[in-house]
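# An overview of the molecular structure
Here is what each chain is made of, one letter per residue.
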Amino acid sequence: MKIQFRTHHLNKLYPLRISRGTSTGSDNLYVGLTMDGITGWGEMSPGISEKASTPQIGEDALKEFWQPAYGQLSIHEVWDKARRADVPSCALAALDIALWDWFGKKCNQPLYRIFGLSKKMAATSVTIGINPPDVVKERVPEILERTQSKFLKIKLGSPEGTEADQAMFEAIKEVVGSRKDLALRVDANGGWSPDEAIAMMKWLADRGVEYVEQPLKEGEEKHLPRLFENRPLPIYVDESCRFSENIPNWVDSVDGVNLKLMKCGGLTEALRIVATARAHKVKVMIGCMSESTLSISAGASIGALFDAIDLDSQLNITNDPCSGATLTDGVVLPNDLPGHGAVFIDQEEEN
Ligand SMILES: [Mg+2]
């Protein structure tokens, strides 16, 4: 099985600011695996904590790891080998997605069907980054109009403090008014201290927020039991949970976990995370990094497994190189092409 690479720079429509910084775009790596005249494709959105901050680091790691004979192994065997070889999780995700895409194409079946799933899934949230109140007042109506979304995920944990968080939240509340069909979720990306988290969760619960994600910084989990006790809102962790093996650590102090393909190394481990979480009665959400329609389509292929869905990065890209899963009535719907169903727009035109 031969490996190939291509890189695309993705521009963001709106710069995304979270507690840790701002992103205006990303250089994503695309990995192709070819055997028997079939090519499967995967995508890596680079990440510092995923151990590959540039496409070159991801490409170098995969070139060092990959051997053509691995095409004869099962996908689980390749995944375990790559994990043991310490391949960065986002590069492993690209490889794993390409392997599953290849397998789906070989079987001539869409991945959601190979996994024994239906296309039915929850509607996706759309993300509102940290911004001054006047900016969100302008932006939120445009995003809601364009996406028809029923869930807003509001990024808080502003470096300017919880007063800035409250001012931004109030501005959004003012814009969406009393819309009963719109649920508000909050992701602090670890931007609060334990005391701030306790105060903000109460404040947000009084304002009808559905749940809070990653209230505390990764590494500060010892304070989670204090937050969890008498919590006014369900708590999901994201940065604190990367692989299925992390889940047993948090089962007594969280309501749910947010998995991302880039963080866990692709679909193979995502399935393990879902199984582990369900065994512990922990809820599961699927989120994304700065991914184009390719990785989002891979995520949508297992979308039926999740309590909450956050597959919206492609909606904020102005030059998506791929087409695939589409946004239909707020749901990221897989198509019926074999594999994950995403194709490069330039290759589609050639065919
Ligand atoms: Mg998050």
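Treat the numbers as computed from the prediction; the structure is a model and nothing was measured.

The secondary structure content of the protein chain amounts to 13 helices and 15 strands. In summary, the protein chain has a C-alpha radius of gyration of 20 Å against a globular reference of 20 Å for 351 residues, a match within 12%. When its C-alpha atoms are laid out on the principal axes, the protein chain stretches across 60 × 40 × 35 Å. By the burial criterion, 49% of the 351 residues in the protein chain qualify as buried. Across the protein chain, every contact between residues at least 6 apart in sequence was considered, and the portion connecting residues at least 24 apart equals 70%.

Turning our eyes to something else, we now look at the sheet that holds strand S7 (residues 212-213). The strand order across the open sheet built from 8 strands is S4-S5-S6-S7-S8-S9-S10-S11, with neighbouring strands paired in parallel fashion. If you trace the sheet from one side to the other, it starts and ends with strand S4 (125-128) and strand S11 (308-309), each paired once. As paired elements, strand S10 (residues 283-287) and S11 share 2 bridges and run parallel to each other. Counted as the bridge partner of Met 285 is Ala 308 from S11.

The subject of this paragraph is the pairing of S4. Burial along S4 is two-sided: Ser 125 and Thr 127 and Val 126 and Ile 128, pointing in opposite directions, are all buried. In the sheet, S4 pairs with strand S5 (residues 151-155) via 4 bridges, with the strands oriented parallel. Bridge pairing in S5 links Ser 125 to Phe 151. Considered for its hand, the β-α-β crossover made up of S4, helix H5 (residues 133-147) and S5 is right-handed.

Another point: the environment of Ala 167. Here Ala 167 lies in helix H6 (residues 162-176). For the pair Ala 167 and Asn 131, spaced 36 residues apart in sequence, the C-alpha separation works out to 9.9 Å.

Moving on to the packing of helix H1 (residues 55-65) against helix H3 (residues 89-107). Look at H1 against H3: their axes get within 9 Å of each other, and the N-to-C directions meet at 65°. Between H1 and H3 lies a crossing whose hand is right-handed. Only Cys 90, Ala 91, Ala 94 and Leu 95 of H3 make contact with H1, whose side of the interface consists of Gly 58, Ala 61 and Leu 62. Taken together, the residues that form the contact of H1 with H3 break down as 6 nonpolar, 1 polar and no charged.

On to the nonpolar core, then. As a rule of thumb, nonpolar side chains are buried together in soluble globular proteins. By size, the foremost hydrophobic cluster in this structure holds 93 residues, and its most contacted members are Val 31, Met 44, Ala 91, Ala 94, Leu 95, Ala 98 and Val 257. Of the residues forming this core, the biggest block, 11 residues, is contributed by H3. Here this core spans two domains, and each of domain 1 (2-108) and domain 2 (114-347) adds at least three residues to it.

Further remarks concern the domain arrangement of the protein chain. Its domain assignment divides the protein chain into domain 1 (2-108) and domain 2 (114-347). Taken together, the contact between domain 1 and domain 2 spans 38 residues of the former and 38 residues of the latter. Of all the elements in the fold, those that place two or more residues in the side of domain 1 that touches domain 2 are strand S1 (2-18), strand S2 (21-35), strand S3 (38-44), helix H2 (75-84) and H3. No other element matches the 11 residues that H3 contributes to the side of domain 1 that touches domain 2.

Right, let's get into the environment of Gly 71. With respect to the element layout, Gly 71 can be found in the loop between H1 and H2. The spatial distance from the C-alpha of Gly 71 to the C-alpha of Met 1 is 4.9 Å, given a sequence separation of 70 residues. Not counting residues up to four positions away in its chain, the partners in contact with Gly 71 are Met 1 and Met 35.

Our next topic: the environment of Thr 7. Tracing the sequence through the fold places Thr 7 in strand S1. In this structure, the C-alpha to C-alpha distance between Thr 7 and Asp 27, residues 20 residues apart in sequence, is 6.7 Å.

What counts and what doesn't
- All residue numbers refer to positions counted from 1 along the written sequence of the respective chain.
- Reporting in this predicted model follows two pLDDT cut-offs: at least 70 for local features of residues, and 80 or more for side-chain atom pairs to be given and counted; totals over whole chains, interfaces and linings ignore these cut-offs and use all residues.
- Segments assigned H or I by DSSP are reported as helices when at least four residues long, segments assigned E as strands when at least two residues long, and all are numbered from the N terminus.
- Radius of gyration here is computed from C-alpha atoms only, and the compact-globule reference equals 2.2 Å multiplied by the residue count raised to the power 0.38.
- Exposure in this text rests on C-beta crowding, where 20 or more other C-beta atoms within 10 Å of a residue's own make it buried, 12 or fewer make it exposed, and counts in between make it partly exposed. The C-beta atoms are placed from the backbone.
- What counts as a contact is two residues whose backbone-derived C-beta atoms lie within 7 Å of each other.
- At least two DSSP bridges between two strands are needed for those strands to be called paired.
- Crossovers are marked right-handed if the path from the first strand over the helix to the second runs clockwise, as seen with the strands pointing away from the viewer.
- Between N-to-C directions, angles span 0 to 180 degrees; the directions come from axes that are lines fitted to C-alpha atoms, helices contributing only their stretch in contact.
- Rotating anticlockwise by less than a right angle from the far helix to the near helix defines a left-handed crossing, while the corresponding clockwise rotation defines a right-handed one.
- Under the scheme applied here, ten amino acids are nonpolar (Ala, Val, Leu, Ile, Met, Phe, Trp, Tyr, Cys and Pro), four are charged (Asp, Glu, Lys and Arg), and all others, including Gly, are polar.
- The term nonpolar core means buried Ala, Val, Leu, Ile, Met, Phe, Trp, Tyr and Cys residues held together as one set by C-beta atoms within 7 Å.
- As annotated, the domain borders come from an automatic or database domain assignment.

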